[in-house]
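As a plain string of letters, each chain reads:
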2 protein chains.
Amino acid sequence: MKTEILSMLRAADGYVSGQQICDRFHVSRTAVWKVIEQLKEEGYEIEAVRRRGYHLTGSPDVMSKAEIESRIETKWAGRNVFYYEETDSTNTRAKALGEEGAPHGTLAAADAQSAGKGRRGRGWESAPGKDIYMSILLKPQISPVQAPMLTLVMALSAVEAVKEETGLDAGIKWPNDLVINKKKICGILTEMSLEEEQISYVVIGVGINVNHDEFPEELAGRATSLKLESGKEWTRAKLVAQVMEKFEKNYEIFLKDGSLAGLKERYNGLLLNKEREVRVLDPKGEYTAFALGINEKGELLVEREDGRREAVFSGEVSVRGIYGYV
Amino acid sequence: MKTEILSMLRAADGYVSGQQICDRFHVSRTAVWKVIEQLKEEGYEIEAVRRRGYHLTGSPDVMSKAEIESRIETKWAGRNVFYYEETDSTNTRAKALGEEGAPHGTLAAADAQSAGKGRRGRGWESAPGKDIYMSILLKPQISPVQAPMLTLVMALSAVEAVKEETGLDAGIKWPNDLVINKKKICGILTEMSLEEEQISYVVIGVGINVNHDEFPEELAGRATSLKLESGKEWTRAKLVAQVMEKFEKNYEIFLKDGSLAGLKERYNGLLLNKEREVRVLDPKGEYTAFALGINEKGELLVEREDGRREAVFSGEVSVRGIYGYV
């Protein structure tokens, strides 16, 4: 009921009377009062005025199951929230939920991670209470070879959410890093479980540096946060809901033909590597090329110096800008 | 220490003195006596004679961590045993162990399963205390597209183990069912977890009907057990160890070039579909063909009635004998 009362207070333009809440949820005044007290304890600023009722005057950056749920307005993406004050990694939690049969769209989110995962077995720097760590569980009826494209669907969704929420000039470094001012603000890690040749579930983890104030020296040149770039703090739960909303829409476009055909124009519009020189780190031999954009499979099309065109697959190679990270 | 004492008793031709055991493991006579009492409680028949020592006279079909471990003589396959009196499914256990970082070759085995898994989402009939339910965790450095071949490596290993142990005329129904007298005695289910395009781990589950006395009517025509076929009971732990031994050898042959090239001759020698007519249940259209045997990718080569040859991939189609199950 906490989620519902929070949504009601947030939706109201001004005061909501205790009686209105009681009538809506068929609970006693005491029950309402208890929930209001809990919300205050979590950090919400709520004015209580006799004969007028309750007024939500301030919503600091609280992360909780109720806070996230009260902001999510999708059909399925993030409708079922598991929230952890601290956990090993939200990808690990979402995989465990997948094993237990949790539904498509289940979201695992945490305030802190003790064993955050980055790509290629690297770790992911976690600052408790500052950033977004979340993983969505999906049960798509697609072939395993199509699944890596979901990573790009999420990259597009996350960058669209960040831009809409903050107005910051964020873009994508192929295939799935989010970048502002040539520094990384978000990483995405996709994991998948197969039974024979069929997908049991896919987990897409998203880490966004939101209110991170500083980074260790070795990362400072390559990583940044929304706060560092904008000079202000952001409400994480709002951004989580925004990412879920964008993802749900983009995922449904992807599912129509199981390709990025319907998304690649928007993706390429946000792709920072596009029309730039890149160094292709192909294990068979590195080379410099001119990046043209992704195709409908999510491969990066590049033109080599001798004019040959190649479609670069993220499973085999990575790309690096000629001058720095992008 | 239970495992080691059990191995020592089994290896001895006759009596082992309490003193010998004490000296070997640097423990007291009381400690040895306690272990012997535990073993008797588990069902082992052990004679204790003053001045001569202990003699293992009978080893009924006990399944336990110590029993399995005392029989396994491999380098890595099944060296790390997790045993459950009852669990949901050993594949689910092995996947959980994989998530927790258990080593390559870890074996999850159970006396009973409450949620046994068959292929394509079907269940697996479990008779407590009668059959083998086991799953091995693997961390192969191969591409995900090669992983389905591991199912065939296990099918070959399991059939070789059953034949060696029981002398029964077992064979393979492509790709991975074990069959005696046209009835199924063993099923194999492979699951896999990927991080981006890399394998995190593979789990291969093996269910063998060992001492099963009867099957429900709807299965009786299609399923059998080693006991029903031979008229005698078999020691499950011995068979588990035998499967692990065969699998370790065959897996290492597979890893040499990541294909079934080095195994396909033996596999085809045990393939019951070979040189028989089969019905290929291709979703694009069923057809009848003559099965020739597998290729090095594990695909079934068939010759159609018009002479065209096809390589049939188990992810897409299944095959059925023209006259019955095989």
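Since this is a predicted model, take the numbers as computed values, not measurements.

Residues and elements named next belong to chain A. According to the domain assignment, chain A contains domain 1 (2-58), domain 2 (65-269) and domain 3 (277-321). Relative placement of domain 2 and domain 3: their C-alpha centres are 25 Å apart. Taken together, the contacts link 12 residues of domain 2 with 14 residues of domain 3. Carbon and sulfur atoms supply 65% of the area buried between domain 2 and domain 3, which totals about 1100 Å² over both sides. Taken together, the links from domain 2 to domain 3 amount to 0 salt bridges. Seen at the junction of domain 2 and domain 3, the total is 3 residue pairs in polar contact (both at pLDDT 80 or more). Counting residues per element, the ones that place at least two in the side of domain 2 that touches domain 3 are α6 (148-166) and α10 (264-269). Partitioning the side of domain 2 that touches domain 3 into residue classes produces 7 nonpolar, 2 polar and 3 charged.

It is worth spelling out the interface of chain B and chain A at this point. Of the residues lining the interface, 23 residues belong to chain B; the matching set on chain A comes to 23 residues. Looking at the side of chain B facing chain A, the largest losses of area belong to Glu195(B), Glu196(B) and Glu197(B), adding up to 36% of the total buried there. Where chain B packs against chain A, one counts 2 salt bridges. Here Glu99(A) ties to Lys95(B) by a salt bridge, and the two come within 2.7 Å at their closest N and O atoms. Inspection of the region where chain B meets chain A yields 6 residue pairs in polar contact (both at pLDDT 80 or more). The set of elements that each furnish at least two residues to the side of chain B that touches chain A consists of α5 (90-99) and β8 (183-195) of chain B. For the side of chain B that touches chain A, the leading source of residues is β8(B), giving 8 residues. Here the residues of the side of chain B that touches chain A sort into 6 nonpolar, 8 polar and 9 charged. As paired elements, strand β8 (residues 183-195) of chain A and β8(B) share 5 bridges and run antiparallel to each other. Of the residues in β8(B), the one forming a bridge with Glu195(A) is Glu191(B).

Looking now at the packing of helix α1 (residues 2-11) of chain B against helix α3 (residues 29-42) of chain B. Residues and elements named next belong to chain B. In contact at an axis separation of 10 Å, α1 and α3 are set at 80° when each is read in the N-to-C sense. Classified by the angle their axes make, α1 and α3 are roughly perpendicular. Where α1 abuts α3, its residues Lys2, Ile5, Leu6 and Leu9 lie against Val35, Ile36, Gln38, Leu39 and Glu42. Residue classes in the contact of α1 with α3 are distributed as 6 nonpolar, 1 polar and 2 charged.

All names here are of chain B. Of the strand pairs in this sheet, strand β3 (residues 81-84) and strand β4 (residues 107-110) are connected by 4 bridges, and their pairing is parallel. Its bridge partner lying in β4, Tyr84 is registered against Ala110. For the segment spanning β3, α5 and β4, crossover handedness is right-handed.

On to the pattern of salt bridges, then. Applying the stated criterion across every chain, the model contains 50 salt bridges over all chains. Residue Lys75(B) pairs with Glu248(B) through a salt bridge whose shortest N-O separation is 3.7 Å. Remark: Glu248(B) occurs in helix α9 (residues 236-257) and Lys75(B) occurs in the loop between α4 (65-71) and β3; sequence separation between them is 173 residues. Since its relative accessible area comes to 59%, Lys75(B) is described here as exposed. Residues joined in a network through salt bridges with shared partners are Lys130(A), Asp213(A), Lys227(A) and Glu233(A).

With that settled, the discussion passes to the UniProt feature "DNA-binding region" (unreviewed entry) in chain A. Residues annotated in UniProt with the feature "DNA-binding region" (unreviewed entry) correspond here to residues 18-37 of chain A. As annotated, residues 18-37 of chain A comprises 85% helix and 0% strand, and the C-alpha atoms at either end are separated by 13 Å.

The next thing to look at is α5(B). Buried residues dominate α5(B), accounting for 7 of its 10 residues. The elements touched by buried residues of α5(B) are α5 (90-99) of chain A together with β3, β4, β5 (132-138), β8 and β9 (198-208) of chain B.

Residue and element names in this part refer to chain A. Pairing within the open sheet is antiparallel, and its 5 strands lie in the order β13-β12-β11-β10-β14. At either margin of the open sheet sits one strand with a lone partner, and together these are β13 (309-312) and β14 (318-321). In this sheet, adjacent strand axes meet at a mean angle of 45° when their direction is disregarded. Where strand β12 (residues 300-304) lies against β13, 4 bridges are found, and the strand directions are antiparallel. Counted as the bridge partner of Val302 is Glu310 from β13.

The final tally for this structure, using the stated rule, is 2 cavities of 30 Å³ or more. Estimates place the volume of the largest cavity at around 180 Å³. Along its surface, the largest cavity is lined by 19 residues, and Lys117(A), Trp124(A), Gly205(A), Val206(A) and Gly207(A) are the ones closest to its centre. Taken together, the residues that form the lining of the largest cavity break down as 6 nonpolar, 9 polar and 4 charged. What the second largest cavity holds in volume is close to 50 Å³. Forming the walls of the second largest cavity are Glu196(A), Glu197(A), Ala147(B), Pro148(B), Thr151(B), Thr190(B), Glu191(B) and Met192(B). Secondary-structure elements contributing two or more residues to the lining of the second largest cavity are α6 (148-166) and β8 of chain B.

Of the positions making up helix α1 (residues 2-11) of chain A, those classed as buried are Thr3(A), Ile5(A), Leu6(A), Met8(A) and Leu9(A). Check the buried side of α1(A) and you find it contacts α2 (18-25), α3 (29-42), β1 (45-49), β2 (53-58) and α4 (65-71) of chain A.

As a further point, take the packing of aromatic side chains. Under the defined criterion, the tally for this structure stands at 7 aromatic pairs over all chains. A ring pair is formed by Trp76(B) and Phe247(B), whose centres lie 6.5 Å apart and whose planes are at 80°; its orientation type is edge-to-face. Highlighted residues: Trp76(B) in the loop between α4 and β3 and Phe247(B) in helix α9, separated in sequence by 171 residues. According to the relative accessible area criterion, Phe247(B) is buried, its value standing at 0%. On the basis of an interplanar angle of 40° and a centroid distance of 5.6 Å, the ring pair of Phe247(B) and Tyr251(B) is categorised as tilted. Taken as a pair, Phe247(B) and Tyr251(B) lie in helix α9 at a separation of 4 residues, close to a single helical turn. Accessibility classification places Phe247(B) together with Tyr251(B) in one group, the buried group. An aromatic cluster of at least three residues, connected via ring pairs, comprises Trp76(A), Phe247(A), Tyr251(A) and Phe254(A). When the ring centre of Tyr287(B) is taken as origin, the NZ or CZ atom of Arg304(B), which lies over that ring, is 3.6 Å away.

About the criteria used
Residues numbered from 1 in each chain as written. Chains lettered and ligands numbered in written order. Predicted model: local features only at pLDDT ≥ 70, side-chain atom pairs only at ≥ 80, totals over all residues. Heavy atoms only, no water. Domains from an automatic or database assignment. Contact = heavy atoms within 4.5 Å. Buried area = accessible area lost by both parts, 1.4 Å probe. Salt bridge = Lys/Arg side-chain N within 4 Å of Asp/Glu carboxyl O. Polar contact = N/O pair within 3.5 Å; in protein donor to acceptor, adjacent residues only side chain to side chain. Helix = DSSP H or I, 4+ residues; strand = E, 2+ residues; numbered from the N terminus. Nonpolar A, V, L, I, M, F, W, Y, C, P; charged D, E, K, R; others polar. Pairing = 2+ DSSP bridges. Axes fitted to C-alpha atoms, helices over the stretch in contact; angles between N-to-C directions. Parallel < 35°, antiparallel > 145°, perpendicular 65-115°, else oblique. Right-handed = clockwise from strand over helix to strand, strands pointing away. Buried < 20%, exposed > 50% of the residue type's maximum accessible area, 1.4 Å probe, protein only. UniProt positions renumbered as here; feature names shortened; annotations may be inferred. 1 Å grid on protein atoms, 1.4 Å probe; cavity = no way out; pocket = protein on both sides within 12 Å on 5 of 7 lines; lining within 4 Å. Points joined across faces, edges and corners; volume = space filled by probe spheres on them. Phe/Tyr/Trp six-rings, centres within 6.5 Å; stacked < 30°, edge-to-face > 60°. Lys NZ or Arg CZ within 6 Å of the ring centre and 35° of its normal.

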